[in-house]
Amino acid sequence: MHYLSFVKAEDNYRHKGLRKKLVEKLRVLDICNEEILSAIGNVPRHFFLDSSFEQFAYTNKAFPIASGQTISQPQTVAQQTELLQCKSGDKVLEIGTGSGYQCAVLCELGMKVYSIERQKDLHDLSGPLLKKMGYAPTLYYGDGYKGKEVFAPYDGIIVTCGAPFVPKALLSQLAIGGRLVIPVGEGETQRMLTIDRVGESEFNKKDHGVAAFVPMLEEKARD
Ligand code: SAH
């Protein structure tokens, strides 16, 4: 039994109540973008966890999913989405589809989302789930280090795994005026960076503090 057990799952008043509380908690934690808060309030996070772990869906915690990966902490999803500074209609590339939760939040905000995942089992699970929920992102099984050139340029690129360095391909696929949000670092923690493309070969980097993501897997180690 896995995410797809959600087919039988429902989004009832209890879930909605827990979600409201989570949104209030995020507000206290300084998430102030009302559109993002309302998107988080609208996306049933429990659909992205195995139903036996449903009680953890509305705590502000990351949680293990398949293949040793995690569904990002709601606060992190909110922060990265705020940092992305994209709006409805913008074209966004996500690296690390994982459970599909962050992707759902971006879709809920009206963005046109492309997302890449390099673990086949996660890729295979997130597609049908997001579709059943009524979202229509374009999902790829592949290597996030390469980005997705054919649909570039992107207004925003969001990396949801800890990158050892900033992949060149992602910079080159940003629109001028676009922004890359990427946790960078080789150890257990990274620095959350935003990199704005302000000209053909001009970029502005900003550090937004410490982050802790699962590592971005090596290009060649695809299985
Ligand atoms: N956005 C996800 C977070 C999942 S954790 C969510 O909301 O659930 C990070 C994900 O990045 C994992 O699923 C991992 O398999 C994926 N990942 C790691 N290295 C990658 C790479 N090189 N290319 C694409 N995806 C990668």
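Structure: above.
The paragraphs below set out a description of the structure included in this document. Treat the numbers as computed from the prediction; the structure is a model and nothing was measured.

**Comments concerning the overall build of the protein**
Alright, step 1. From N to C terminus, the protein includes 6 helices and 9 strands.
Alright, step 2. Referenced to the eigenvectors of the C-alpha coordinate spread, the extents of the protein come out at roughly 50 × 40 × 35 Å.
Alright, step 3. Going through the 223 residues of the protein one by one, you find that 52% of them count as buried.
Alright, step 4. Put simply, 55% of the contacts in the protein that link residues at least 6 apart link residues at least 24 apart.
Alright, step 5. Accessible surface, the protein as shown: approximately 10,700 Å² in total, 53% of it carbon and sulfur.
Alright, step 6. Across the protein, the centroid of the 27 positively charged side chains sits 3 Å from that of the 27 negatively charged ones.

**Brief notes about helix α1 (residues 13–28)**
Alright, step 1. The first and last C-alpha atoms of α1 sit 23 Å apart over 16 residues, in line with the 22 Å expected at 1.5 Å per residue.
Alright, step 2. Its side-chain oxygen at 3.0 Å from the backbone nitrogen of R14, N12 defines the N-terminal cap of α1.
Alright, step 3. Once α1 ends, the next one or two residues include D30, with phi positive near 85°.

**A word on the site of the ligand**
Alright, step 1. In the vicinity of the ligand, 27 residues are found, and the nearest of them are G96, S99, E117, G144 and L217.
Alright, step 2. Measuring from an oxygen atom of the ligand, one finds a backbone N or O atom of Q102 at 3.1 Å.
Alright, step 3. Every element with two or more residues in the shell around the ligand is listed here: β2 (70–71), β3 (91–95), α4 (101–108) and β4 (112–117).
Alright, step 4. The class makeup of the residues in the shell around the ligand is 11 nonpolar, 12 polar and 4 charged.

**Some words on the sheet that holds strand β6 (residues 154–159)**
Alright, step 1. Ordered in space as β5-β4-β3-β6-β7-β8-β9, the 7 strands form an open sheet in which the pairing is mixed. The two strands at the open ends of the sheet, each matched to only one other strand, are β5 (138–141) and β9 (202–211). The sheet shows a mean angle of 15° between the axes of neighbouring strands, direction not considered.
Alright, step 2. Against the sheet, helix α3 (residues 74–84) contacts β3, β6, β7 (174–184), β8 (190–199) and β9, and its axis sits at roughly 155° relative to β7.
Alright, step 3. Docked against the sheet, α4 engages β3, β4, β5 and β6, running at close to 170° with respect to β4.

Cut-offs used in this document
Residues numbered from 1 in each chain as written. Predicted model: local features only at pLDDT ≥ 70, side-chain atom pairs only at ≥ 80, totals over all residues. Heavy atoms only, no water. Helix = DSSP H or I, 4+ residues; strand = E, 2+ residues; numbered from the N terminus. Buried < 20%, exposed > 50% of the residue type's maximum accessible area, 1.4 Å probe, protein only. Contact = heavy atoms within 4.5 Å. Areas by Shrake-Rupley, 256 points an atom, 1.4 Å probe, with all protein chains shown as cover. Lys, Arg positive; Asp, Glu negative; His and termini not counted. Charge placed at Lys NZ, Arg CZ, Asp CG, Glu CD. Expected span 1.5 Å × (residues − 1). Polar contact = N/O pair within 3.5 Å; in protein donor to acceptor, adjacent residues only side chain to side chain. Near = heavy atom within 4 Å. Nonpolar A, V, L, I, M, F, W, Y, C, P; charged D, E, K, R; others polar. Pairing = 2+ DSSP bridges. Axes fitted to C-alpha atoms, helices over the stretch in contact; angles between N-to-C directions.

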